[in-house]
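Okay, here's what each chain looks like letter by letter:
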Amino acid sequence: MGFNCGIIGLPNVGKSTLFNALTATAAAQAANFPFCTIEPNVGRVALPDERLDKIALLGKSQKIVPTQLEFVDIAGLVKGASRGEGLGNQFLANIRETDAVIHVLRCFDDPNIIHVEGSVDPVRDAEVVETELMLADMDSVERQINTVSKKAKSGEKESKALLALLEKIKVALDAGKPARTVSVDEDEKKAFRMLALMSSKPVLYVLNVSEEDAATGNDWTKKAEAMAKAQGAEAVIITASIESEIAQLGSEEEKKEFLSTLGLEEPGLNKIIRAGYQLLGLQTYFTVGPKEARAWTVRKAAKAPEAAGAIHTDFERGFIRAEVIAYSDFVALGGEQAAKDAGKMRQEGKEYTVQDGDIMLFRFNV
């Protein structure tokens, strides 16, 4: 699994349209009224990667298996969601379960599509949603402080450490800053993740514009991009309706021709995936053989046994070594055997740090 992103935002900003385009399905009902998405729709899409096609060709693989990305279409939040307004609590719970959030902001004006706040202002909209997430987190943190402080007073070491972390987070939330801005020590990272705070999730802002602004953006996107930059977040400009049209086209040639007429080089999906990978610090390695060429996703800085575990836990548990060929060598030399003959296959142990594009074969014994 690559990563799991929840698509969030106010109602009527284009979330479900984007979800449908991303997954090339009509699973999410896109309608001109709030809460058209009641249950979170989940869709998986293949990560487009030209390297995998080249590896499969050189490896004479019968089958190509790309890594899968998961998107969760979460219904529109409104002001007061943290107090249960709209369908608040249900949707907030769905956000907790995601690894990151794609926050869709409306950067287009259309009198035929209702805006719940009465006007277009992506920066204000982002603040509305972020505030609801922080309020919900504040409630969660305060409740946990009350629970943990009793154990901490008794001298329990883990509880004292958790209490210190919770109090640090509370200071940030009280100051109107999301939990992701809190500086977390290495030994606190696991506990921080376990808290599953919504404002701790990495954010990718997707700026949804009208077709005429697809290539250049507009004044609203400039303001939203400045906001994202100030937060250290990523922002991608797309037109959800164009993405829907692309998803309906049959061949790659048709898609390229359609994009060219709009002055675009690639679908927004590709931009979202690249930004999402960067957001979560992920990378890809490959396995290749006559039966299949497959892409796998691991964290940047992952060691070889962790990469092996992406295939099967037994591979990690019984890890002996990894046989590694760099992607550039594999392609330049014409495949595995040629790379071996040229001395470009390396034997790597448990401390090897996986590099993006590595072609790997694991030796293990359970």
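Use the structure listed above.
Residues numbered from 1 in each chain as written. Predicted model: local features only at pLDDT ≥ 70, side-chain atom pairs only at ≥ 80, totals over all residues. Heavy atoms only, no water.

Asker: How would you sum up the pattern of salt bridges? Please name residues and give values.
Answerer: Scanning the entire structure with this criterion turns up 16 salt bridges. Residue Lys168 pairs with Glu188 through a salt bridge whose shortest N-O separation is 2.9 Å. With Lys168 in helix α5 (residues 157-174) and Glu188 in the loop between α5 and α6 (189-194), this residue pair connects regions lying 20 residues apart in the sequence. Take Lys168: its relative accessible area is 30%, and that puts it in the partly exposed class. By relative accessible area, which is 13% here, Glu188 ends up buried. Here Arg321 and Glu323 are joined by a salt bridge, their closest N and O atoms 3.8 Å apart. (Salt bridge = Lys/Arg side-chain N within 4 Å of Asp/Glu carboxyl O. Helix = DSSP H or I, 4+ residues; strand = E, 2+ residues; numbered from the N terminus. Buried < 20%, exposed > 50% of the residue type's maximum accessible area, 1.4 Å probe, protein only.)

Asker: Report on unusual backbone geometry, specifying residues and quantitative values.
Answerer: If a residue is not glycine, its phi is most likely negative; likewise, a peptide bond is most likely trans. Even without being a glycine, Lys60 presents a positive backbone phi close to 50 degrees. Turning to its location among the elements, Lys60 is positioned in the loop between α2 (50-59) and β3 (63-65). Lys60 gets classed as exposed once you look at its relative accessible area, which sits at 71%. The backbone phi angle of Ala196 is positive, close to 50 degrees, even though this residue is not glycine. Within the secondary structure layout, Ala196 lies in the loop between α6 and β6 (203-208).

Asker: I'd like a description of the sheet that holds strand β5 (residues 100-106), backed by residues and values.
Answerer: Overall, mixed pairing links the six strands, which are arranged β2-β4-β1-β5-β6-β7 in an open sheet. Both outer strands of the open sheet, β2 (41-46) and β7 (234-238), are each paired with one neighbouring strand and no more. Taking each pair of neighbouring strands and ignoring which way they run, the sheet shows an average axis angle of 25 degrees. Where β6 lies against β7, five bridges are found, and the strand directions are parallel. Counterpart to Tyr205 in the pairing with β7 is Ala235. Where helix α10 (residues 268-280) meets the sheet, it contacts β2, β4 (68-73), β5, β6 and β7, and its direction lies at approximately 175 degrees from that of β7. (Pairing = 2+ DSSP bridges. Axes fitted to C-alpha atoms, helices over the stretch in contact; angles between N-to-C directions. Contact = heavy atoms within 4.5 Å.)

Asker: Talk me through the packing of aromatic side chains; I want residue IDs and the actual numbers.
Answerer: Considering all chains together, one arrives at four aromatic pairs under this definition. Seen in terms of ring centroids, Tyr285 and Trp296 are 6.5 Å apart; in terms of plane orientation they differ by 20 degrees. Their pairing is stacked. Of this pair, Tyr285 sits in strand β8 (residues 282-288) while Trp296 sits in strand β9 (residues 292-299), and the two are eleven residues apart along the sequence. Residue Tyr285 shares its accessibility class with Trp296, and that shared class is buried. Connected via pairs of aromatic rings, a cluster forms that spans Tyr285, Trp296, Phe319 and Phe362. (Phe/Tyr/Trp six-rings, centres within 6.5 Å; stacked < 30°, edge-to-face > 60°.)

Asker: Break down helix α4 (residues 122-153) for me, citing the residues and quoting the values.
Answerer: The terminal C-alpha atoms of α4 lie 45 Å apart, and with 32 residues this matches the ideal 46 Å at 1.5 Å per residue to within 8%. The principal kink in α4, of about 25 degrees, is found at Thr147. (Expected span 1.5 Å × (residues − 1). Bend = angle between axes of the 7 residues up to and from the residue.)

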